[in-house]
Amino acid sequence: MHILRRTILIGLPFVLLTAGAPKLRAQLSDGRLAVLLRGTVTTTSKLYLSPDAPTADARSQYDSYNTLLGAGAEFRLMLAEEQFYLAVSSEYNATMHDQIRPIAFVDSVRLLPVQEGVRFIPIELGAYAYIPLGSDVVRMTMGGGIGAYIGVRELTVGTVGTKTLNTPVGFGIHVGIGMEYRLTSSIAMQGALRFRDPEIRTENSFDQTSIPVGSRTRTLSSAPIASKVVVDGMNFSLGVLLRIR
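Not measured: the values here are computed from a predicted model.

1. Some remarks on the overall build of the protein
Helix and strand counts for the protein stand at two helices and 15 strands. In the protein, buried positions account for 42% of the 245 residues. Partitioning the intrachain contacts of the protein with sequence separation of at least 6 by distance along the chain shows that 71% fall at a separation of at least 24. With the model as given, the accessible surface of the protein reaches about 12700 Å², and the carbon-plus-sulfur share is 62%.

2. Focus on the layout of surface pockets
Rolled over the atoms, a probe with the dimensions of a water molecule shows which regions are left empty. Reported here for the largest pocket is a volume of approximately 390 Å³. Of all elements in the fold, only β5 (84-104), β7 (138-157) and β14 (225-230) reach the threshold of two or more residues within the lining of the largest pocket. Considering every element that reaches the lining of the largest pocket, the biggest residue donor is β5, with four residues. Residue composition of the lining of the largest pocket, by class: 13 nonpolar, two polar and two charged.

3. Looking at the packing of aromatic side chains
Tallied over the full model, the rule gives four aromatic pairs. Consider the rings of tyrosine 48 and tyrosine 62, whose centres lie 5.2 Å apart with planes at 50°: the pair is tilted. Taken together, the positions of tyrosine 48 in strand β2 (residues 46-48) and tyrosine 62 in strand β3 (residues 62-64) put the pair 14 residues apart, joining distant regions of the chain. Looking at tyrosine 48, the relative accessible area reads 16%, which means it is buried. Consider the rings of tyrosine 85 and tyrosine 130, whose centres lie 5.6 Å apart with planes at 55°: the pair is tilted. With tyrosine 85 in strand β5 and tyrosine 130 in strand β6 (residues 109-131), this pair connects stretches of sequence that are 45 residues apart. Each member of the aromatic cluster is reached from another via a ring pair, and the members are Tyr85, Tyr128 and Tyr130.

4. A look at the nonpolar core
In this structure, Ile103, Phe105, Leu112, Val114, Leu155, Val157, Val160, Phe206, Ile211, Val213, Leu220 and Ile225 together form the largest nonpolar core, which totals twelve residues. When contributions to this core are tallied by element, the ones reaching two or more residues are β6, β7 and β12 (210-213). If we skip the residues at most four places from it in the chain, isoleucine 225 touches Arg153, Leu155, Thr202, Glu203, Asn204 and Phe206. In terms of nonpolar packing, the next biggest core, distinct from the first, is built from nine residues, Leu47, Phe120, Tyr149 and Val231 among them.

5. Thoughts on the pairing of strand β1 (residues 33-42)
Where β1 and strand β4 (residues 68-79) come together, ten bridges link them in antiparallel fashion. Looking at β4, one finds that leucine 37 is bridged to alanine 73. Where β1 meets strand β15 (residues 234-243), nine bridges bridge the pair, whose relative direction is antiparallel. Among the inter-strand pairings, valine 41 is bridged to a residue of β15, identified as phenylalanine 236.

6. Focus: the pattern of salt bridges
Summed over the entire model, instances satisfying the criterion amount to 17 salt bridges. In this structure, arginine 194 engages glutamate 74 in a salt bridge whose closest nitrogen and oxygen atoms are separated by 3.5 Å. Here the residue arginine 194 occupies a position in strand β10 (residues 187-195), and glutamate 74 occupies one in strand β4, the gap between them amounting to 120 residues. For the pair shown, arginine 194 and glutamate 74 are each scored as buried. In this structure, glutamate 180 and arginine 76 form a salt bridge, with 2.7 Å as the shortest nitrogen-oxygen distance. Of this pair, glutamate 180 sits in strand β9 (residues 169-182) while arginine 76 sits in strand β4; the two residues are 104 residues apart in sequence, bridging distant segments of the chain. Comparing glutamate 180 with arginine 76 shows no difference in burial state: the two are buried. Through salt bridges with shared partners, a single ionic network connects Arg38, Glu74, Arg76, Glu91, Glu124, Arg139, Glu180, Arg194 and Arg196.

7. Quick word on the confidence of the model for the protein
In the predicted model, the protein carries a mean pLDDT of 86, and the fraction of residues at 70 or more is 87%. Note that residues 6-30 has pLDDT below 50 and, in this model, 36 contacts with residues that lie over four places away or in other chains.

8. Section: empty space enclosed by the protein
Scanning the model with the defined rule gives two cavities of 30 Å³ or more in all. The calculated volume of the largest cavity comes to roughly 80 Å³. Listing elements by their share of the lining of the largest cavity, those giving two or more residues are β1, β4, β9 and β10. In terms of residue count, the dominant contributor to the lining of the largest cavity is β10 (four residues). Here the lining of the largest cavity is composed, by residue class, of six nonpolar, five polar and four charged. Residue lining of the second largest cavity: Arg139, Glu180, Arg182, Thr184, Ser185, Ser186, Ile187, Ala188, Leu241, Leu242 and Arg243, and that is the complete set. Elements with a minimum of two residues in the lining of the second largest cavity: β9, β10 and β15. No other element matches the three residues that β15 contributes to the lining of the second largest cavity. By residue class, the composition of the lining of the second largest cavity is four nonpolar, three polar and four charged.

Conventions and cut-offs
Residues numbered from 1 in each chain as written. Predicted model: local features only at pLDDT ≥ 70, side-chain atom pairs only at ≥ 80, totals over all residues. Heavy atoms only, no water. Helix = DSSP H or I, 4+ residues; strand = E, 2+ residues; numbered from the N terminus. Buried < 20%, exposed > 50% of the residue type's maximum accessible area, 1.4 Å probe, protein only. Contact = heavy atoms within 4.5 Å. Areas by Shrake-Rupley, 256 points an atom, 1.4 Å probe, with all protein chains shown as cover. 1 Å grid on protein atoms, 1.4 Å probe; cavity = no way out; pocket = protein on both sides within 12 Å on 5 of 7 lines; lining within 4 Å. Points joined across faces, edges and corners; volume = space filled by probe spheres on them. Nonpolar A, V, L, I, M, F, W, Y, C, P; charged D, E, K, R; others polar. Phe/Tyr/Trp six-rings, centres within 6.5 Å; stacked < 30°, edge-to-face > 60°. Core = buried A, V, L, I, M, F, W, Y, C linked by side-chain atoms within 4.5 Å. Pairing = 2+ DSSP bridges. Salt bridge = Lys/Arg side-chain N within 4 Å of Asp/Glu carboxyl O. pLDDT = per-residue confidence, 0-100.

Set out below in structure tokens:
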């Protein structure tokens, strides 16, 4: 629902602007290619620890991972005398937390060091329009599209790590706005704000079934560990746009 409201708020002006625009007439051979290299920060993400629990309270328990840092690239094809462009982009985002957490074994509960976090990789296809501002130096963009989203839970308990069992991919839409400042005819700076709201189910299992705890060896569960990655924060980016053709 959050992404739907954002789509309406941001996408409606985009639809109104493009509805009266000239027909797209540029073909691939007439287009101009550009690449955007950017750093990103996503304000919030959540890791739901028990998505299959029988009660709603248990299913709603999550760990927050704020300030998800990343970097990525975007390839653009300019169309219709540079009034529009198509974009294919991807990023790599990751964050980790170190903490001491109680771990339940068959006969006891022990406090062990735990390293946990998420990796998030969006692969997105979008269409964007330039909004007239009366300037060739400063330009505003608006648009959105679809995406495939990879979300992986990273978990290490003591010295024992985990591996991903499933293919943790979700699908969804994204919408965004951006601002470009041209430095030269082929180089520009761009800042952007993007909204996504993917939900990705992931399953992990421990690399080994035993772990040394003090003078004893404890047994870890061999059952899959289910979790859900939700990246619902605002995504801010800043990068350099280079014309390559």
